[in-house]
Amino acid sequence: VQFVYMENVKLLRATRDDVFPLIFNPNHLDVTKGFIEDLIGKEIKNIVINNTKEIERDNIDQKKGILDLQVEIENNELIDVEVQIEEIPAFENRLLFYNNKLFTNSVKRGTDGYLKAKKTIVIAIINYPLELTKDIPDFITKYRYQEINYNFELTNMQEIDIIELPKIRKLKDFSDVISQWMIFLDSPNSEEAKKAMVDNEKIKRAQEVLEEISQDPELERSLDIQEKWELDRKTAIAYARMQGEDRKS
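Below you will find a few notes about this structure. Bear in mind that the values here come from a model prediction, so they are computed numbers and not experimental data.

A few words now on the side chain of Lys119. On the secondary structure map, Lys119 appears in strand S4 (residues 119-126). Buried charged residue Lys119 carries no salt bridge. Nearest counter-charge: Glu159, at 4.4 Å.

Here we take up the packing of aromatic side chains. If you walk through the whole model with that rule in mind, you get 7 aromatic pairs. Seen in terms of ring centroids, Phe24 and Phe35 are 4.3 Å apart; in terms of plane orientation they differ by 25 degrees. Their pairing is stacked. Taken together, the residues Phe24 in the loop between helix H1 (20-23) and helix H2 (29-40) and Phe35 in helix H2 connect sequence positions 11 residues apart. Take Phe24: its relative accessible area is 3%, and that puts it in the buried class. These aromatic residues form a ring-pair network of at least three members: Phe20, Phe24, Phe35, Trp181 and Phe184.

Turning to the pattern of salt bridges, a few remarks are in order. Inspection of the entire model under this criterion finds 15 salt bridges. Here Glu37 makes a salt bridge to Lys33, at a shortest N to O gap of 2.9 Å. Pair noted here: Glu37 and Lys33 are both in helix H2, with a separation of 4 residues, about one helical turn. Judged by relative accessible area, Glu37 falls into the buried class, the value being 7%. Taking the relative accessible area as the measure of exposure, Lys33 reaches 24% and is therefore partly exposed. Residue Lys134 pairs with Glu131 through a salt bridge whose shortest N-O separation is 2.9 Å. A residue is classified by how much of its surface remains accessible, and Lys134, at 55% relative accessible area, is exposed.

Scoring rules and cut-offs
Residues numbered from 1 in each chain as written. Predicted model: local features only at pLDDT ≥ 70, side-chain atom pairs only at ≥ 80, totals over all residues. Heavy atoms only, no water. Helix = DSSP H or I, 4+ residues; strand = E, 2+ residues; numbered from the N terminus. Buried < 20%, exposed > 50% of the residue type's maximum accessible area, 1.4 Å probe, protein only. Lys, Arg positive; Asp, Glu negative; His and termini not counted. Salt bridge = Lys/Arg side-chain N within 4 Å of Asp/Glu carboxyl O. Phe/Tyr/Trp six-rings, centres within 6.5 Å; stacked < 30°, edge-to-face > 60°.

Here is the structure:
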């Protein structure tokens, strides 16, 4: 089905809890494939989307905005995309857990033990500045196992990539395909995102899917309820903090 972009349709943010998985799923395999291709910077011939959610999430985390997309490409590489809306304690440790869990499961499922272990990449898209990289201008940083004294890799079989949305928002140039995807996910109604939709055929296809999703009144109502719940929660936390500070003074 082909969709035509309509100027009067307000596109929903794809980083919202209920929106991201409606874009990237087996029903939109071409969109998901294009997204992953641009994130990892190479063409993909074979992609399988994992719907079993083998790394379990709890409801509290889901409310805070952890979204996932788990795929296997070329039958030998596992990729987990995580979107974290709010900063949570020890998130870096969670990324290690996700990556190690993926890697361990790939070994367990293989018939030749460690020889058939699959390369695993966790890509975290975060909506807050990372203290670790505050002095690094790049919006994406990549981590692997390194020898500390001589600075060489032990292996490339496990990797964690972190993409910071606050740095994306400060960009003046969106010629990089990853920055185009990020501005589309984060601010689809912006002029930068509209240009990305025109310049990048893969994003244009994702925009068509997002436009259809954005016209669903039930989804919009659900998101409004979630937003109200989140605002009430934040207000309650802020009020409790203020009350505590008043008692101390």
